[in-house]
Amino acid sequence: MTSFQIRPATSEDARFLADMLVEAANWSHLHTRSRVAVLEDPHISHYIAGWKRPGDFGSVAVDAHGIAIGGCWGRLFPANAPGHGFVAVGVPELTLGVNTQWRALGVGRALLQAVGQQAKAAGHSRLSLSVERANFAQRLYVSEGFITVESGTGSDTMVRAVR
Ligand SMILES: CC(C)(COP(=O)(O)OP(=O)(O)OC[C@H]1O[C@@H](n2cnc3c(N)ncnc32)[C@H](O)[C@@H]1OP(=O)(O)O)[C@@H](O)C(=O)NCCC(=O)NCCS
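(A) Main features of helix 1 (residues 14-25). The end-to-end C-alpha separation of helix 1 is 16 Å, in line with the 16 Å expected for 12 residues at 1.5 Å each. Listing the buried residues of helix 1 in full gives F16, L17, A18, M20, L21, V22 and A25. On its buried side, helix 1 packs onto helix 2 (35-40), helix 3 (42-45), strand 2 (57-62), strand 3 (68-75) and strand 4 (93-98).

(B) Spatial organisation of the pattern of salt bridges. Overall, the coordinates contain seven salt bridges when judged by the stated rule. Of the charged contacts in the structure, one is a salt bridge between D13 and R7, with a shortest N-O distance of 2.9 Å. D13 gets classed as buried once you look at its relative accessible area, which sits at 5%. Residue classification places R7 among the partly exposed positions, given a relative accessible area of 29%. Close ionic contact of R75 with D56 constitutes a salt bridge, the shortest N to O distance being 2.8 Å. One end of the pair, R75, is in strand 3; the other, D56, is in the loop between helix 3 and strand 2, and 19 residues separate them in sequence. Here the two residues R75 and D56 agree in accessibility, since each one is buried.

(C) Spotlight on the site of the ligand. Every one of the 21 residues lining the ligand counts as a neighbour, but V98, A104, G106, G108 and N135 are closest to it. Burial of the ligand by the protein chains amounts to 70% of its free accessible area of 910 Å². Per-element accounting of the shell around the ligand gives the leading share, four residues, to helix 5 (residues 137-143). Among the residues making up the shell around the ligand, the classes are represented as 12 nonpolar, five polar and four charged.

(D) Structural detail: the pairing of strand 2. Burial runs high along strand 2: six of the six residues are buried. Residues of strand 2 alternate between two faces, with F57, S59 and A61 on one and G58, V60 and V62 on the opposite face, all of them buried. Two strands pair when backbone bridges link them, and strand 1 (residues 5-8) and strand 2 are joined in this way by four bridges, in the antiparallel orientation. The residue of strand 2 that forms the bridge with R7 is V60. Examined bridge by bridge, strand 2 and strand 3 share six bridges and lie antiparallel to one another. Directly across from F57, in strand 3, lies its bridge partner G74. Adjacent in sequence and paired antiparallel, strand 2 and strand 3 are bridged by five residues, among which G66 carries a positive phi angle near 85°.

About the thresholds
Residues numbered from 1 in each chain as written. Predicted model: local features only at pLDDT ≥ 70, side-chain atom pairs only at ≥ 80, totals over all residues. Heavy atoms only, no water. Helix = DSSP H or I, 4+ residues; strand = E, 2+ residues; numbered from the N terminus. Expected span 1.5 Å × (residues − 1). Buried < 20%, exposed > 50% of the residue type's maximum accessible area, 1.4 Å probe, protein only. Contact = heavy atoms within 4.5 Å. Salt bridge = Lys/Arg side-chain N within 4 Å of Asp/Glu carboxyl O. Near = heavy atom within 4 Å. Areas by Shrake-Rupley, 256 points an atom, 1.4 Å probe, with all protein chains shown as cover. Nonpolar A, V, L, I, M, F, W, Y, C, P; charged D, E, K, R; others polar. Pairing = 2+ DSSP bridges.

These values are about where atoms sit, not about what they do.
Now the structure itself:
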């Protein structure tokens, strides 16, 4: 069964989105921190802490039974407590993750596109994210219109215009 649907993320999705944040942090088999360790890291937990707060928006992919299988969301950060992909106040930073058994089936791309529509509806003009250069996800982002605006050690900050 490979059919899935996309719905808006709600406050009820906090735990699942935290799971997806852990997937994003542990994107490679070389990254194997426990869920607790990832979520206790303030540089990571601030992507989901307090979900869903004003300004947060996102989408969840669900399987044919309504079970969540992937999530993507945007959050605004202040300049004095930025995310890894911070580019400016008012530019939401995205997080994306898909359950292992649902990868390479188009879920990630569908989520990115859905969140792009949500960003447009919310009046945002740009979206940003941070991705490690070795992660094939970067090619997905490029194909969805993101361009690298800053290169750090091993990771890039990418931005795309919301149209
Ligand atoms: C990155 C991730 C979100 C992509 O989601 P996905 O549902 O697997 O991706 P899709 O099926 O939509 O595929 C998107 C593109 O990536 C390609 N792709 C998918 N899996 C791939 C793999 N293992 N290796 C190389 N390319 C791959 C696909 O071919 C597709 O390109 P195409 O449409 O031209 O064929 C997902 O793999 C994931 O959760 N990874 C771990 C968490 C992570 O890395 N998050 C991002 C952190 S910045």
